[in-house]
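# Results of the structural survey
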Amino acid sequence: MDTLTLVLTAVGSVLLLLFLVMKARMHAFIALMLVSMGAGLFSGMSLEKITDTMQKGMGGTLGFLAIVVALGAMFGKILHETGALDQIAVKMLKGFGEQRAHYALGIAGLICALPLFFDVAIVLLIGVAFA
């Protein structure tokens, strides 16, 4: 395969994925699977190699995300049960005022998210937003 063909395959795959999800209203997971198989075929991979690559890639990613999201949910629950989320929300709102609550949430997110993965920070900040 030459470089131009691979680049065109990648660009076409992204455009097709966007079309399937946004215009055709196909479920994102199904669209991603179909586009991945098509990209593999257009790049010259065999069907066996495509399925192996998809299995390894998705398995590794989902395994990592499951651990990160589970840890984030546990930390979020601990912060909620101890009342720390309420304290963070009250202190930030006192400092910024009700009219600038969005700034308070942004600063709280920055403080909470610096040492964490993005996924964990989202799970933690949902509690702060509700508090």
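Residues numbered from 1 in each chain as written. Predicted model: local features only at pLDDT ≥ 70, side-chain atom pairs only at ≥ 80, totals over all residues. Heavy atoms only, no water.

## Overview of the overall build of the chain
Along the backbone of the chain there are 6 helices and 0 strands. Reading the helices (α) and strands (β) of the chain from amino to carboxyl end gives α-α-α-α-α-α. Considering the chain as a whole, with its 131 residues, one finds that 20% of them fall into the buried category. If you take every contact in the chain between residues at least 6 apart in sequence, the share linking residues at least 24 apart comes to 46%. (Helix = DSSP H or I, 4+ residues; strand = E, 2+ residues; numbered from the N terminus. Buried < 20%, exposed > 50% of the residue type's maximum accessible area, 1.4 Å probe, protein only. Contact = heavy atoms within 4.5 Å.)

## Re unusual backbone geometry
Of note in this structure, arginine 25 is not a glycine but carries a positive phi near 55°. As for its position among the elements, arginine 25 is in the loop between helix 1 (3-23) and helix 2 (28-42). The exposure class of arginine 25 is exposed, given its relative accessible area of 69%.

## Brief notes about the side chain of threonine 9
Here threonine 9 is to be found in helix 1. Classification of threonine 9 by relative accessible area gives buried; the value is 13%. Those residues within four positions of threonine 9 in sequence are excluded, and the remaining contacts are Ala39 and Phe42.

## Here we look at the environment of phenylalanine 96
Within the secondary structure, phenylalanine 96 sits in helix 4 (residues 84-96). The class of phenylalanine 96 is partly exposed, set by a relative accessible area of 27%. Every residue in contact with phenylalanine 96, bar those within four places of it in the chain, is listed here: Tyr103, Ala104 and Ile107.

## Here we look at the confidence of the model for the chain
Confidence in the prediction of the chain, expressed as mean pLDDT, is 82, and 83% of residues score 70 or more. No element of the chain has a lower mean pLDDT than helix 6 (residues 118-130), at 64, and none a higher one than helix 1, at 94. (pLDDT = per-residue confidence, 0-100.)

## Here we look at the UniProt feature "transmembrane region" (unreviewed entry) in the chain
According to UniProt, the positions carrying the feature "transmembrane region" (unreviewed entry) are residues 6-22, 29-47, 59-80 and 101-130. Here residues 6-22 is 100% helix and 0% strand, with 24 Å between the C-alpha atoms at its ends. (UniProt positions renumbered as here; feature names shortened; annotations may be inferred.)

## Considering helix 1
One turn of an α-helix holds 3.6 residues; hence residues three or four places apart share an orientation. For helix 1, built from 21 residues, the straight-helix expectation of 30 Å at 1.5 Å per residue is met to within 8% by its first-to-last C-alpha distance of 29 Å. Of all the residues in helix 1, the buried ones are Thr9, Ser13 and Leu20. With its buried residues spanning 45° around the axis, helix 1 presents them on a single face. For helix 1, the exposed residues lying more than 90 degrees away from the buried face are Thr3, Leu4, Leu8, Leu15, Met22 and Lys23. Buried residues along helix 1 sit against helix 2. One or two positions beyond helix 1, positive phi appears at arginine 25, with a value near 55°. (Expected span 1.5 Å × (residues − 1). Arc of directions from axis to C-beta.)

## Let's talk about the packing of helix 1 against helix 2
When two helices pack together, their arrangement is given by the angle between the helix axes and by the axis-to-axis distance. Orientation of helix 1 relative to helix 2, taken along the N-to-C sense of each, is 160°, at an axis distance of 9 Å. Taken together, the axis directions place helix 1 and helix 2 in an arrangement best described as roughly antiparallel. Where helix 1 crosses over helix 2, the two elements pack in a sense that is right-handed. For the pair helix 1 and helix 2, contact is made by Thr9, Ser13, Leu16, Leu17, Leu20 and Val21 and by Ala28, Ala31, Leu32, Val35, Ala39 and Phe42, respectively. (Axes fitted to C-alpha atoms, helices over the stretch in contact; angles between N-to-C directions. Parallel < 35°, antiparallel > 145°, perpendicular 65-115°, else oblique. Left-handed = near helix turned anticlockwise from the far one by under 90°.)

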